[in-house]
Amino acid sequence: MAASEGGGLGEDARLDRETAQWLRWDKNFLTLEAVKRLIAEGNKEELGKCFGARMEFGTAGLRAAMGPGISRMNDLTIIQTTQGFCRYLEKQFSDLKQKGIVISFDARAHPSSGGSSRRFARLAATTFISQGIPVYLFSDITPTPFVPFTVLRLKLCAGIMITASHNPKQDNGYKVYWDNGAQIISPHDKGISQAIEENLEPWPQAWDDSLIDSSPLLHNPSASINNDYFEDLKKYCFHRSVNRETKVKFVHTSVHGVGHNFVQSAFKAFDLVPPEAVPEQKDPDPEFPTVKYPNPEEGKGVLTLSFALADKTKARIVLANDPDADRLAVAEKQDSGEWRVFSGNELGALLGWWLFTSWKEKNQDRGALKDTYMLSSTVSSKILRAIALKEGFHFEETLTGFKWMGNRAKQLMDQGKTVLFAFEEAIGYMCCPFVLDKDGVSAAVISAELASFLATKNLSLSQQLKAIYVEYGYHITKASYFICHDQDTIKKLFENLRNYDGKNNYPKACGKFEISAIRDLTTGYDDSQPDKKAVLPTSKSSQMITFTFANGGVATMRTSGTEPKIKYYAELCAPPGNSDPEQLKKELNELVSAIEEHFFQPQKFNLQPKAD
């Protein structure tokens, strides 16, 4: 229900219609009073923000600020979304009433609007149960990966996770999994979106969440799933005796999110001494009081308290989960006393190498390699490709986002293949394919076992990373972004690249760097393919062009689905053997500067650089 084009009267009439409907339907006292107050004050600007356009349901579900109105996450929009999702599932699954769905939630809350992840999860459960559909509702907070795990373990039709991951504290989200245990991909998002529009009026029992407590359709999977998850995780413990003896100490932070208890349990499952938890950040707190952004991808700022605790307890390694525990950052104290925070690509290299090495020890048969796979997204480092080429297993890249890797991993596993690992540079890792999504709990304990094993060889994570680069070739990466709030400008910038020297001609060089191949996933063009057609799926609604350079460099420019950013990812891949990493870094920096100057043209397009 996007705002009608043209201003003035049409928009005023639409706002009046939307707010009148809201006053009829909303039974949450706080959001109802807030809307009444805005109407009484004649506060058109704020009403416009709350009712500007209905939140768009995409493949990542919903994500928006909590508060009143159709543009926000609140009781009524949760009810409307779930009614649409319920009707869509009824059409797709004839056995929905036998199988049911799973719902879980993180610890987010927004007292001023009465919204919280727990309340939203209960309202969603009420919607399904009122239609005679079984719901497996966790009784307490869980990591996001527990939802896809439960879908597969209990053979359910779908899963819902109420979380906004590492977004700012005022946000919440509604993330959806299909019966294959992976996040939904198109066209399900369109179908659900349409069904939401057709089911906006709350059903008779929509607000009565006390109904569910006595319903035989409500199940609490917490104890059994907790047990099953850690039992399955034990299969990925390769060196129990090392773990029992290790002197390596770890510090863990859950950044005020859900991760603490689950990471403690994971360490116990591996016979590791549980990590020291950062006391100020270990308990869930929707205010995230100690960090500006609750996102460990932001690096050292989020990890300040972790470093202080590690220095105090003489721990060498810090493990940090984001608030819904599906991502993981790892930092290691260097001999210089400095802390090194590994990038997502560096940890991807370490975990990929480790999972392959551990698998190979258990599977001596070279023939099994031909059915063994690793995946990463197209903007992540190509290091797994280099390892795969040398070791003889398969590597595939997918579009950006775990929904693609999860769905592809399921396809491969259904064909009898082994998927060892998948990762994306945004610190997301799938180390155990019993969860077809990123999982920061399994990644944390597997990283700890890797560090403990390396310590028996007197190696640090940093030293092992260097050994990987020496054996398989250095892969140096650099990623950043420019901020641009104007969609037309973004379009012009990308159209300029497609018509660089005259109509329909892509650039042949970027400054002094010669271009050897171009793939445009907006238009479906790929000049490295015999028919010039891209192999990966294309999307006209987002911009994405990848340039391959004659010097072994690869750079992708793309728009973000959730933020006003034009992102770039650049990597220099050197062949194995004798390489000077400092020289490679210098060359990559020169390449990135050329891309910024010639392809982004920040002055011409008025782009804001990333704030350091």
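Computed from a prediction, not measured in an experiment: that's the story for all the values here.

**Focus: the overall build of the protein**
Scanning the protein for helices and strands turns up 20 helices and 25 strands. At 25 Å, the protein has a C-alpha radius of gyration in line with the 25 Å of a compact globule built from 612 residues. Expressed as lengths along the three principal axes of its C-alpha atoms, the size of the protein is roughly 70 × 65 × 50 Å. Scored against the burial criterion, the 612 residues of the protein give a buried share of 58%. A fraction of 69% describes how many contacts in the protein between residues 6 or more apart in sequence connect residues 24 or more apart. In the protein, 72 side chains carry a positive charge and 76 a negative one; their mean positions are 2 Å apart.

**Side note on the pattern of salt bridges**
Under the definition given, this model contains 45 salt bridges. Asp140 is the salt-bridge partner of Arg118, the closest N and O atoms lying 2.9 Å from each other. One end of the pair, Arg118, is in helix α6 (residues 117-130); the other, Asp140, is in the loop between β5 (135-137) and α7 (146-153), and 22 residues separate them in sequence. Since its relative accessible area comes to 40%, Arg118 is described here as partly exposed. For Lys417, the salt bridge is made with Asp371, and the minimal N-O distance between the two is 3.1 Å. In this pair, Lys417 is assigned in the loop between α15 (402-414) and β16 (418-424) and Asp371 in the loop between α13 (344-362) and β14 (372-377), connecting sequence segments 46 residues apart. Using a relative accessible area of 26% as the deciding quantity, one classes Asp371 as partly exposed.

**With respect to the packing of helix α11 (residues 260-269) against helix α16 (residues 440-456)**
One way to put it is that α11 packs onto α16 with a least axis distance of 9 Å and a crossing angle of 40°. Put simply, α11 runs oblique to α16. Of the two possible hands of crossing, α11 and α16 adopt the one that is right-handed. Two secondary-structure elements touch here, α11 through Phe262, Val263, Ala266 and Phe267 and α16 through Val441, Ala444, Val445 and Ala448. Considered class by class, the residues forming the contact of α11 with α16 number 8 nonpolar, no polar and no charged.

**Digging into the sheet that holds β16**
Across the sheet, 4 strands lie side by side as β15-β14-β16-β17; this open sheet has mixed pairing. Bordering the open sheet on either side are β15 (394-398) and β17 (428-430), each of which pairs with just one other strand. With direction set aside, neighbouring strand axes in the sheet form an average angle of 15°. Bridge count for β16 against β17 is 3 bridges, and the pairing is antiparallel. Counterpart to Ala422 in the pairing with β17 is Met430. Along the sheet, α13 makes contact with β14, β16 and β17, crossing β16 at roughly 170°. Helix-sheet contacts for helix α14 (residues 383-391) involve β14, β15 and β16, and the interaxial angle to β15 is about 160°.

**Observations concerning the sheet that holds strand β7 (residues 171-177)**
Within a sheet, adjacent strands bond to each other through the backbone by hydrogen bonds, running parallel or antiparallel. Spatially, β1-β7-β6-β2-β5-β8 is the arrangement adopted by the 6 strands of the open sheet, whose pairing is mixed. Every interior strand has two partners, whereas the edge strands, β1 (62-65) and β8 (218-219), have only one. As paired strands, β1 and β7 are joined by 4 bridges and run antiparallel to one another. Counted as the bridge partner of Ala65 is Asp171 from β7. Together, β2 (101-105), β6 (158-162) and β7 form the strand contacts of α7, whose direction differs from that of β6 by roughly 165°.

**Some words on the pairing of β15**
Examined bridge by bridge, β14 and β15 share 5 bridges and lie parallel to one another. From the neighbouring strand, Met374 faces β15, where its bridge partner is Phe395. Note on the crossover from β14 through α14 to β15: the handedness is right-handed.

**Focus on the packing of aromatic side chains**
Counting across every chain of the model gives 27 aromatic pairs. Ring plane angle 75° and centroid distance 5.7 Å describe the contact between Phe250 and Phe267, whose orientation is recorded as edge-to-face. Taken together, the residues span a long stretch of sequence, with Phe250 in strand β9 (residues 250-253) and Phe267 in helix α11 at a distance of 17 residues. Assessed through its relative accessible area of 0%, Phe267 is described here as buried. An aromatic cluster of at least three residues, connected via ring pairs, comprises Phe146, Phe149, Tyr229, Phe230, Tyr236, Phe262 and Phe434. Directly above the aromatic system of Tyr472 lies the positively charged group of Lys390, at a separation of 5.7 Å from the ring centroid. We note Lys565 situated over the ring of Tyr481; from NZ or CZ to the ring centre the distance is 4.0 Å.

**Things to note about the side chain of Asn199**
By the element assignment, Asn199 lies in the loop between α8 (188-197) and β8. Here Ala195 takes part through its backbone oxygen, which lies 2.8 Å from a polar atom of the side chain of Asn199. With sequence-adjacent residues up to four places away left out, Asn199 is seen in contact with Gln80, Gln83, Gly84 and Arg87.

**Regarding the nonpolar core**
Grouped together as the largest cluster of nonpolar side chains are 173 residues, with contacts concentrated most on Phe85, Tyr174, Phe421, Tyr429 and Met557. Per element, the largest residue contribution to this core is 10 residues, and it comes from α16.

**Focus on the domain arrangement of the protein**
Its domain assignment divides the protein into domain 1 (11-222), domain 2 (235-471) and domain 3 (473-607). Computed from C-alpha coordinates alone, the two centres of domain 1 and domain 3 are separated by 38 Å.

**Looking at the packing of α7 against helix α9 (residues 222-233)**
Look at α7 against α9: their axes get within 11 Å of each other, and the N-to-C directions meet at 95°. For the element pair α7 / α9, the angle class is roughly perpendicular. On α9, the residues touching Phe146, Phe149, Thr150 and Arg153 of α7 are Ile225, Asn226, Asp228, Tyr229, Phe230 and Asp232. Partitioned by chemical class, the residues of the contact of α7 with α9 number 5 nonpolar, 2 polar and 3 charged.

**What about the UniProt feature "domain: Alpha-D-phosphohexomutase alpha/beta/alpha" (unreviewed entry) in the protein?**
Following the UniProt record, one finds the feature "domain: Alpha-D-phosphohexomutase alpha/beta/alpha" (unreviewed entry) at residues 55-200, 228-333 and 344-471. Secondary structure content for residues 55-200 is 37% helix and 19% strand, and the end C-alpha separation is 13 Å. Segment residues 228-333 splits into 34% helix and 16% strand. End C-alpha atoms: 34 Å apart.

Reading the values: the criteria
Residues numbered from 1 in each chain as written. Predicted model: local features only at pLDDT ≥ 70, side-chain atom pairs only at ≥ 80, totals over all residues. Heavy atoms only, no water. Helix = DSSP H or I, 4+ residues; strand = E, 2+ residues; numbered from the N terminus. Rg over C-alpha atoms; globule rule 2.2 N^0.38 Å. Buried < 20%, exposed > 50% of the residue type's maximum accessible area, 1.4 Å probe, protein only. Contact = heavy atoms within 4.5 Å. Lys, Arg positive; Asp, Glu negative; His and termini not counted. Charge placed at Lys NZ, Arg CZ, Asp CG, Glu CD. Salt bridge = Lys/Arg side-chain N within 4 Å of Asp/Glu carboxyl O. Axes fitted to C-alpha atoms, helices over the stretch in contact; angles between N-to-C directions. Parallel < 35°, antiparallel > 145°, perpendicular 65-115°, else oblique. Left-handed = near helix turned anticlockwise from the far one by under 90°. Nonpolar A, V, L, I, M, F, W, Y, C, P; charged D, E, K, R; others polar. Pairing = 2+ DSSP bridges. Right-handed = clockwise from strand over helix to strand, strands pointing away. Phe/Tyr/Trp six-rings, centres within 6.5 Å; stacked < 30°, edge-to-face > 60°. Lys NZ or Arg CZ within 6 Å of the ring centre and 35° of its normal. Polar contact = N/O pair within 3.5 Å; in protein donor to acceptor, adjacent residues only side chain to side chain. Core = buried A, V, L, I, M, F, W, Y, C linked by side-chain atoms within 4.5 Å. Domains from an automatic or database assignment. UniProt positions renumbered as here; feature names shortened; annotations may be inferred.

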